[in-house]
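Summary of structural features
Each chain, letter by letter, is given below.
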Amino acid sequence: MVSLRGPVLIVEDDPDIRESLQHFLEAHGYPVVAASHGKEALEYLGRAPRPSMVVLDMNLPVMDGNRLLTARKGDDLLRTIPVVILSAALGG
């Protein structure tokens, strides 16, 4: 297990995926906070303790992943937080 300063922030609008990721990470000893859209995620990023890492879905309501990444890049404190993009397109 890697030691983190703050929790892992999961940003995912699908509750089943969000809860599965959260249970998996917590089972491996990682503290987790979760957001269902980018605006909610920005609120978590501004709080202490700041998340150590973000797991980000790109297709989100309210504020999508691209807009969240743009906001993160514009903030000197937030731009150093690593982001893992986890996104899938479903279709026929």
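Look a little higher up for the structure.
This text gives an overview of the structure that appears in the document. (Residues numbered from 1 in each chain as written. Predicted model: local features only at pLDDT ≥ 70, side-chain atom pairs only at ≥ 80, totals over all residues. Heavy atoms only, no water.)

**As for the overall build of the protein chain**
In terms of helices and strands, the protein chain carries 3 helices and 4 strands. Listed by position from the N terminus, the elements making up the protein chain come as β-α-β-α-β-α-β. Computed over its C-alpha atoms, the radius of gyration of the protein chain comes to 13 Å, within 12% of the 12 Å expected for a compact globule of 92 residues. In terms of its C-alpha atoms, the protein chain occupies a principal-axis envelope of roughly 40 × 35 × 15 Å. For the protein chain, buried positions account for 35% of its 92 residues. Expressed as a percentage of contacts within the protein chain between residues at least 6 apart in sequence, the contacts between residues at least 24 apart total 66%. As presented, the protein chain carries roughly 5,700 Å² of accessible surface, and 54% of it is formed by carbon and sulfur atoms. Between the mean site of the 9 positive side-chain charges and the mean site of the 12 negative ones, the protein chain shows a separation of 10 Å. (Helix = DSSP H or I, 4+ residues; strand = E, 2+ residues; numbered from the N terminus. Rg over C-alpha atoms; globule rule 2.2 N^0.38 Å. Buried < 20%, exposed > 50% of the residue type's maximum accessible area, 1.4 Å probe, protein only. Contact = heavy atoms within 4.5 Å. Areas by Shrake-Rupley, 256 points an atom, 1.4 Å probe, with all protein chains shown as cover. Lys, Arg positive; Asp, Glu negative; His and termini not counted. Charge placed at Lys NZ, Arg CZ, Asp CG, Glu CD.)

**So, the environment of Asn66**
For Asn66, the position within the fold is in helix α3 (residues 65-73). Given the relative accessible area of 48%, Asn66 is considered partly exposed. Placed 28 residues apart in sequence, Asn66 and Gly38 show a C-alpha to C-alpha distance of 9.0 Å.

**Digging into the sheet that holds strand β1 (residues 8-11)**
The strand order across the open sheet built from 4 strands is β2-β1-β3-β4, with neighbouring strands paired in parallel fashion. Of all the strands in the sheet, the pair left with one neighbour each is β2 (32-35) and β4 (83-85). Going across the sheet, the axis of each strand differs from the next one's by a mean of 20 degrees, ignoring polarity. Pairing geometry for β1 and strand β3 (residues 53-56), over 4 bridges, is parallel. What sits directly across from Val11, in β3, is Leu56. (Pairing = 2+ DSSP bridges. Axes fitted to C-alpha atoms, helices over the stretch in contact; angles between N-to-C directions.)

**Focus: the layout of surface pockets**
One number sums up the size of the largest pocket: a volume of about 210 Å³. Taken together, 10 residues form the lining of the largest pocket, with Glu12, Ile17, Asp57, Ser87 and Ala88 sitting closest to its centre. Counted by class, the lining of the largest pocket contains 4 nonpolar, 2 polar and 4 charged residues. (1 Å grid on protein atoms, 1.4 Å probe; cavity = no way out; pocket = protein on both sides within 12 Å on 5 of 7 lines; lining within 4 Å. Points joined across faces, edges and corners; volume = space filled by probe spheres on them. Nonpolar A, V, L, I, M, F, W, Y, C, P; charged D, E, K, R; others polar.)

**Describing the pattern of salt bridges**
For the structure shown, the criterion picks out 1 salt bridge. In this structure, Arg79 engages Asp76 in a salt bridge whose closest nitrogen and oxygen atoms are separated by 3.2 Å. (Salt bridge = Lys/Arg side-chain N within 4 Å of Asp/Glu carboxyl O.)

By themselves these figures say nothing about function.
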